[in-house]
Amino acid sequence: MKIEDKFRQLKKNNEKALIAYVCAGDPSVDATREYVHALVKGGADIVELGLPFSDPVADGPTIQAASDRALEAGMNPDIYFELAASIKDPVPLVCMTYYNLIFRRGVEKFVKDCAASGISGIIVPDLPIEEAEDMLKACKTHDVDMIFMVTPVTDKGRMQKIFSKGSGFIYIVSRLGVTGARDDVAESTKEVLAKVNTSLPKAVGFGISGGKQAAQVIAAGADAVIVGSAFVNIISSQNNVERRLEELAREIKFGFGIQ
Amino acid sequence: MQKSRYGRFGGQFVPEVLMPALNELEEGYERYKQDTKFLRELNYYLSEFAGRSTPLYHARNLSKKYGTKIYLKREDLVHGGAHKLNNTIGQALLAKYMGKKRLIAETGAGQHGTATAMAGANLGFDTVVYMGAKDVERQKMNVYRMQLMGTKVYPVRSGSMTLKDAINEALRDWVSNVQNTHYLIGSVVGPHPYPMIVRDFQSVIGKEVKQQIMEKEGRLPDSIVACAGGGSNAMGIFHPFIADTDVKLFPVEAGGCGIQVKGRTAMHSASLGAGEEGILQGARTLILQDKYGQILESTSVSAGLDYSGVGPELAYLADIGRIKPDSVNDQEALDAFHELCRLEGIIPALESSHALAYVRKMADSGELGDLVVVCLSGRGDKDLETVVKLKGVTCEGKI
């Protein structure tokens, strides 16, 4: 499913989106398939499927540990694309990974494999627009969205450049720092959102762990919230994982309406 | 060629949140590198605090043994015992001019961390050093040295708990505190402008060599040999000679326990010789990686060379054939270490011992010519424990 179509559909129903992150292969391929299903059942509208990298510099300890577990269990790009193709839940899938894995496979081939396995968008946290020409070209060829990030320190000029190159949605990093669940939603969320002048859907991520924060982010004007580490924490606990993923997804999605 | 590139190598492969900081750093550097007050102050610290210039020493006994005239560039005599301070004092001063209050750095064995601690203490910074938990254990004295100078040392427990993970953690700190913090990278690696800045601050080595060899010999050397992990001492001594194409330049990498891979670990650290193109920690360069692009751990008896990547400019210079990379293994480096101790009364760092080992290895080939300069990048006092432990066999049990 295309990301654009998903947002159009949500808009028609007056809904906001929950974008859920899981690390592919943590702790196994089969488990990831089940977890994605549970998240979608709970209300996730888009799933970010992380392709683990050995040196994930933009991620905090939670996702680094998940990446290590997945790599230890044998995850690699070949298996990743098979997994993506086998996911039948009716939501757009987004690949999140680091540039060396894409570069190594060949940019063109990587994006082609994404398209062929039903992935609608790609996020590469260590690829700023200045270095993204090859990716943008391949994404255009294969009709895959290239999703870029903006942050509290991104100035207006850069933002405009980013908005003109990106598609799918804009990933708004709500605060300085790496990924990881926090108890508070940074004040800077509102400030950044105020600066984000684009027709693309605005998705806010980094540090959102529960329904209350998600509701605050939506109230501040976001079209979507991105939740990663809070789900990954449930997965790493290995305790009632599917039920709890579904519940947290439902809590967040349901929380959008209550402020 | 783009300014941030060396051929197809280099670039800025970093999270968006760091782009403004990299741009700010580049602007600050371009401004102050021509500022006479900044340069005067930098020269003051280099001479009065770091102890420059360092001698270009004619190693008579070594020369006699190998039948070629060998000079040692004595970076081991820089304050702190290695070339590292050339860069840290330069970057710390730059950070001060740019109004930053806090310095962060990564360190492997602790040499760069110590040099950062010195510069940080002297110039009044709040200084934090990230160090792999394993390295903290292995290098207790260096941890203590940093702490004595008021630096906070954070042991990093993620990943392999070594240098690569310390860099990742320092990047994370920077991402979180980018407004008041300067990330003081210790080698010619990372995203632009770091490889350029570190090279420029380390080029003082090569500039001095050029002047000293002209005074002593009336001509340029036939070859220059330097060890290369990330490659800061190599780029520093090579850079002023790049245009002098008659001078052969040899970066010597750590061959560790042999050029092979075991599981997720390369048994060596020879990224120029055996690495493949990829993106690591902000730059396109040559790296040790598996077929999917996952980064391999590296191996070397010398902590300062034990790194899975190499500076992008070195990758470029190797690509166009201007430098000729080679490697020596742990045992060859140790043999050269002992030889210099005995023949010249100088205890070299294990890193620098790789450069010395290459001279030993190549002396008979005639490849090095009649006048050779070796960068003695650091002193070996820090390595004594390692050397004592390794007396005998180095790679047993590893392969």
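How each quantity is defined
Residues numbered from 1 in each chain as written. Chains lettered and ligands numbered in written order. Predicted model: local features only at pLDDT ≥ 70, side-chain atom pairs only at ≥ 80, totals over all residues. Heavy atoms only, no water. Contact = heavy atoms within 4.5 Å. Buried area = accessible area lost by both parts, 1.4 Å probe. Salt bridge = Lys/Arg side-chain N within 4 Å of Asp/Glu carboxyl O. Polar contact = N/O pair within 3.5 Å; in protein donor to acceptor, adjacent residues only side chain to side chain. Nonpolar A, V, L, I, M, F, W, Y, C, P; charged D, E, K, R; others polar. 1 Å grid on protein atoms, 1.4 Å probe; cavity = no way out; pocket = protein on both sides within 12 Å on 5 of 7 lines; lining within 4 Å. Points joined across faces, edges and corners; volume = space filled by probe spheres on them. Pairing = 2+ DSSP bridges. Helix = DSSP H or I, 4+ residues; strand = E, 2+ residues; numbered from the N terminus. Axes fitted to C-alpha atoms, helices over the stretch in contact; angles between N-to-C directions. Buried < 20%, exposed > 50% of the residue type's maximum accessible area, 1.4 Å probe, protein only. Patch = residues over 30% accessible without salt bridge, like charges linked within 9 Å, V, L, I, M, F, W, Y side chains within 5 Å. Areas by Shrake-Rupley, 256 points an atom, 1.4 Å probe, with all protein chains shown as cover. Phe/Tyr/Trp six-rings, centres within 6.5 Å; stacked < 30°, edge-to-face > 60°. Lys NZ or Arg CZ within 6 Å of the ring centre and 35° of its normal.

Comments concerning the interface of chain B and chain A
You'll often see interface size given as the accessible area lost when the parts meet.
1) Next: On the chain A side, the residues contacting the 36 residues of chain B number 37 residues.
2) Next: Taken as a group, E16, R172 and Y292 of chain B account for 25% of the area that chain B buries against chain A, more than any other trio of residues on that side.
3) Next: Applying the counting criterion to the chain B and chain A interface returns 3 salt bridges.
4) Next: Between E131 of chain A and R5 of chain B there is a salt bridge, with the nearest N and O atoms lying 2.2 Å from each other.
5) Next: Between chain B and chain A we count 19 residue pairs in polar contact (both at pLDDT 80 or more) in total.
6) Next: Class assignment for the residues of the side of chain B that touches chain A results in 13 nonpolar, 13 polar and 10 charged.

Re the layout of surface pockets
Where empty space is left becomes clear once a probe the size of a water molecule has been rolled over the atoms.
Residue and element names in this part refer to chain B.
1) Next: For the largest pocket, the calculated volume is near 1200 Å³.
2) Next: Along the wall of the largest pocket there are 44 residues; nearest its centre are D135, R138, Q139, V301 and A303.
3) Next: Here the lining of the largest pocket is built from residues that sort into 9 nonpolar, 16 polar and 19 charged.

Looking at the sheet that holds strand β6 (residues 149-150) of chain A
All names here are of chain A.
1) Next: Ordered in space as β5-β4-β3-β2-β1-β9-β8-β7-β6, the 9 strands form an open sheet in which the pairing is parallel. With one partner strand each, in any of the chains shown, β5 (145-147) and β6 form the two edges of the open sheet.
2) Next: Sheet analysis places strand β1 (residues 17-23) next to strand β2 (residues 46-50), joined by 5 bridges and oriented parallel. Each residue of the ladder has a partner; that of C23, found in β2, is G50.
3) Next: Together, β1, β2, β3 (93-96), β4 (119-123), β5 and β9 (224-227) form the strand contacts of helix α1 (residues 3-12), whose direction differs from that of β2 by roughly 145°.

Points about the sheet that holds strand β5 (residues 102-107) of chain B
To summarise the sheet geometry, strands pair through backbone hydrogen bonds and adopt either a parallel or an antiparallel arrangement.
Residue and element names in this part refer to chain B.
1) Next: Read across the sheet, 4 strands follow the order β7-β6-β5-β8 without closing on themselves; strand pairing throughout is parallel. The sheet is open, and its two edges are formed by β7 (152-156) and β8 (181-183), each paired on a single side. If you compare each strand with its neighbour and ignore which way they point, the axes differ by 25° on average.
2) Next: Of the pairings in the sheet, the one linking β5 to β8 comprises 3 bridges and is parallel in character. Across the sheet, R102 pairs through a bridge with T181, a residue of β8.

Examining empty space enclosed by the protein
Residues and elements named next belong to chain B.
1) Next: Within the structure shown, the criterion is met by 11 cavities of 30 Å³ or more.
2) Next: By volume, the largest cavity is sized at about 430 Å³.
3) Next: Along the walls of the largest cavity sit 33 residues, with K84, H112, G186, G304 and L305 positioned nearest its centre.
4) Next: Elements supplying a minimum of two residues to the lining of the largest cavity: β5, α5 (111-123), α8 (163-176) and α11 (232-238).
5) Next: Residues of the lining of the largest cavity, tallied by class, amount to 11 nonpolar, 17 polar and 5 charged.

Observations concerning the pattern of salt bridges
1) Next: According to the stated counting rule, one finds 43 salt bridges over all chains in the structure shown.
2) Next: A salt bridge links D45 of chain A to K253 of chain A, with the shortest nitrogen-to-oxygen separation between them at 2.8 Å. Taken together, the residues span a long stretch of sequence, with D45 of chain A in the loop between α2 (29-42) and β2 and K253 of chain A in helix α12 (residues 241-255) at a distance of 208 residues.
3) Next: Residue D45 of chain A is classed as buried on the basis of its relative accessible area of 6%.
4) Next: Salt-bridge contacts for R52 of chain B lead to E208 of chain B; the nearest nitrogen and oxygen are separated by 2.8 Å. In this pair, R52 of chain B is assigned in the loop between α2 (36-49) and β3 (56-58) and E208 of chain B in helix α10 (residues 204-217), connecting sequence segments 156 residues apart.
5) Next: Judged by relative accessible area, R52 of chain B falls into the buried class, the value being 9%.
6) Next: Using a relative accessible area of 11% as the deciding quantity, one classes E208 of chain B as buried.
7) Next: Among the charged side chains, a salt-bridge network with shared partners connects D78, R105, K109 and D113 of chain A.

What to know about a nonpolar patch on the surface
1) Next: A cluster of nonpolar residues, M141, Y144 and L148 of chain B, forms a patch on the protein surface that exposes about 390 Å² of accessible area.
2) Next: Tracing the backbone through its elements, the reader meets L148 of chain B in helix α7 (residues 140-148).

What about the packing of aromatic side chains?
1) Next: Here the structure, examined in full by the defined rule, presents 16 aromatic pairs over all chains.
2) Next: Members of the aromatic cluster, joined through ring pairs, are Y80, F81 and F110 of chain A.
3) Next: Stacked on the ring of Y57 of chain B, the Lys or Arg R74 of chain B has its end atom at 5.9 Å from the ring centre.
4) Next: The ring of F241 of chain B carries the charged tip of K210 of chain B above its face, separated from the ring centre by 5.3 Å.

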